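# Overview (structure and organization)
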Amino acid sequence: MPNNHFSDWTEVIKSTTKPDPATGAINPPIQLSSTFEQRDFDHFGKWDYSRSGNPTRDVLEASIASLEHGTRGFAFSTGMAAISTALLTLNQGDHIILTKNVYGGTFRLVTQVLVKYGIEYTFVDLGDEDALRGAFQDNTKVVYIETPSNPTLQVTNIADVAAIAHEHDALAFVDNTFMTPVLQKPLDLGADLVVHSGTKFLAGHSDILAGLVVTKDEQLGDQVYFLQNAMGATLGVSDCWLLLRGIKTLAVRMEKESANALALAQWLEQQPLVTKVNYPGLASSPEHDVQLAQAKSGGAVLSFDIGSEDNVRKLVDLLKIPVFSVSLGAVESIISYPPKMSHAEMNPAERHARGITDGLLRYSVGLEDIDDLKHDLKTAFDQIEH
């Protein structure tokens, strides 16, 4: 449970710094043990086998639960393992409503895997209340929110959608990867479960894969734990330790990277080659008010359109600072091309219907000097235009 008298800046430090009572070491030990000795035949200790629980993983899971103001946290081997486990709390014959602008991996999971187990789905613009209400069926059990969405940065009003879900006896799950708990706390807004790709901002250094789930209540937490233990896609203890280290600097990184992203988005709006900028922190964004009502900033990811795949190819070759790669959320800036990367699973018609056009680039803004980032883009834009 959270230490409510601490700010997020303090809590990221306090929740990850747990001195070892045996030695006084301020960082938790990496317990590289698959099994644990039991003291006698009739009385087993807290830990028996590391798939079921490990002291190092316990610190991480308690940390993310505290930061998200949840009751229980769970660490998984990847973000998709976390999302898969959360959605497998559904049963055969259940129905899920998802935001139409969802991460490509989640789209693939729902449309190609869960359907094999009899779990039905409907994609909806969650900003359209009539469409959302019309999508509910008698067997709807979950509304799945991703806000801001990847890669078009569409914002969903978490409190409103969660309230509508609860009216229909459904749960609200939120992918909080882009915002992290230091910028947005979905459970405080009415959500029942939060997922993260811990690979991204929480780890922050492009060095591990990780996924996290946090539940609001113990009963849902019991379901997630059963699946975590039964399927076994847990996060290794060395990566748990690295993720804890990443979280220690989360607040300061998110503040700087978000400030950089806002400045870059404002600058991009003024560039002739750019036809559209998606960033909810912009005053010009139609989703600005909703975003800042439920989050502290627009975050550190934006996307922008430069008209065509041909322009994208030229820009990627000309840029000197951002890494051209999949993923996001690192100290280094990363530029991605969603049609061939995060959303390659979608056909062109599906992508275009979701605003993922052929000229769209996603930019995860890092800690570099903002003037350097602007100059790098300006130099490339000038060469493309001429």
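Above this note sits the structure.
Throughout what follows, the structure given in this document is the object of discussion. (Residues numbered from 1 in each chain as written. Predicted model: local features only at pLDDT ≥ 70, side-chain atom pairs only at ≥ 80, totals over all residues. Heavy atoms only, no water.)

This brings us to helix H6 (residues 158-167). Burial in H6 covers these residues: Ile158, Val161, Ala162, Ile164 and Ala165. Down the axis, H6 shows its buried residues gathered within 160° of arc, on one side only. On its buried side, H6 packs onto helix H5 (129-135), strand E4 (140-146), strand E5 (171-175) and helix H10 (288-294). (Buried < 20%, exposed > 50% of the residue type's maximum accessible area, 1.4 Å probe, protein only. Helix = DSSP H or I, 4+ residues; strand = E, 2+ residues; numbered from the N terminus. Arc of directions from axis to C-beta. Contact = heavy atoms within 4.5 Å.)

Moving on: the sheet that holds strand E11 (residues 334-336). Within the open sheet, the five strands sit side by side as E8-E9-E12-E11-E10. Their pairing is mixed. In this open sheet, the two edge strands, each paired with only one partner strand, are strand E8 (276-278) and strand E10 (323-324). Bridge analysis of strand E9 (residues 301-305) against strand E12 (residues 360-364) gives five bridges, and the strand direction is antiparallel. Residue Phe304 lies in a different strand from E12, and its bridge partner there is Leu361. Against the sheet, helix H9 (residues 250-268) engages E8, E9 and E12, with an angle of about 15° to E9. (Pairing = 2+ DSSP bridges. Axes fitted to C-alpha atoms, helices over the stretch in contact; angles between N-to-C directions.)

With that settled, consider the sheet that holds strand E6 (residues 193-197). Pairing is mixed across the open sheet formed by seven strands, whose spatial order is E1-E7-E6-E5-E4-E2-E3. Two strands in the sheet have a free side with no partner beyond their single neighbour: strand E1 (72-76) and strand E3 (120-124). Geometrically, the sheet is characterised by an average inter-axis angle of 20° between neighbouring strands, direction not taken into account. Direction of pairing for E5 relative to E6: parallel, over a ladder of three bridges. By the bridge assignment for E6, Phe173 is matched with Leu193. Relative to E1, helix H2 (residues 55-67) is tilted by about 125°, and along the sheet it contacts E1, E6 and strand E7 (211-215). Strands strand E2 (95-99), E3 and E4 of the sheet are contacted by helix H4 (residues 104-113), whose axis makes an angle of about 140° with E3.

Our focus in this paragraph is the packing of aromatic side chains. All chains considered together, the criterion is met by five aromatic pairs. Geometrically, the ring pair formed by Phe36 and Trp47 is tilted, given 6.4 Å between the ring centres and 35° between the ring planes. Within this pair, whereas Phe36 is found in the loop between helix H1 (8-14) and H2, its partner Trp47 is found in the loop between H1 and H2, the two being separated by 11 residues in sequence. Taking 5.4 Å as the distance between ring centres and 25° as the angle between the ring planes, the aromatic pair formed by Phe107 and Phe123 counts as stacked. Here Phe123 lies in strand E3 and Phe107 lies in helix H4, a separation of 16 residues in the sequence. Here the aromatic residues Phe107, Tyr121 and Phe123 are joined through ring pairs into a cluster of three or more. (Phe/Tyr/Trp six-rings, centres within 6.5 Å; stacked < 30°, edge-to-face > 60°.)

Okay, the nonpolar core next. Core analysis: the biggest nonpolar cluster contains 48 residues, and Leu60, Ile97, Leu126, Leu132, Val143 and Leu243 have the highest contact counts within it. Among the elements that line this core, the one with the most residues is H2, at five residues. Setting aside chain neighbours within four positions, we find Ile97 in contact with Thr122, Val124, Leu126, Leu132, Ala135, Phe136, Thr140, Val142, Val143 and Tyr144. Counting 28 residues, the second largest nonpolar core, distinct from the first, contains Ala261, Val274, Ile306 and Tyr337. (Core = buried A, V, L, I, M, F, W, Y, C linked by side-chain atoms within 4.5 Å.)

This part takes up the pattern of salt bridges. Evaluated as defined, the whole model comprises 12 salt bridges. Close ionic contact of Glu218 with Arg72 constitutes a salt bridge, the shortest N to O distance being 4.0 Å. Taken together, the positions of Glu218 in helix H7 (residues 218-231) and Arg72 in strand E1 put the pair 146 residues apart, joining distant regions of the chain. For Glu218, a relative accessible area of 44% gives the class partly exposed. What makes Arg72 partly exposed here is its relative accessible area of 21%. Its salt-bridge partner being Arg72, residue Asp222 comes within 2.6 Å of it at the nearest N-O pair. Of this pair, Asp222 sits in helix H7 while Arg72 sits in strand E1, and the two are 150 residues apart along the sequence. Within the structure, one salt-bridge network assembled from shared partners comprises Asp8, Lys185 and Lys296. (Salt bridge = Lys/Arg side-chain N within 4 Å of Asp/Glu carboxyl O.)

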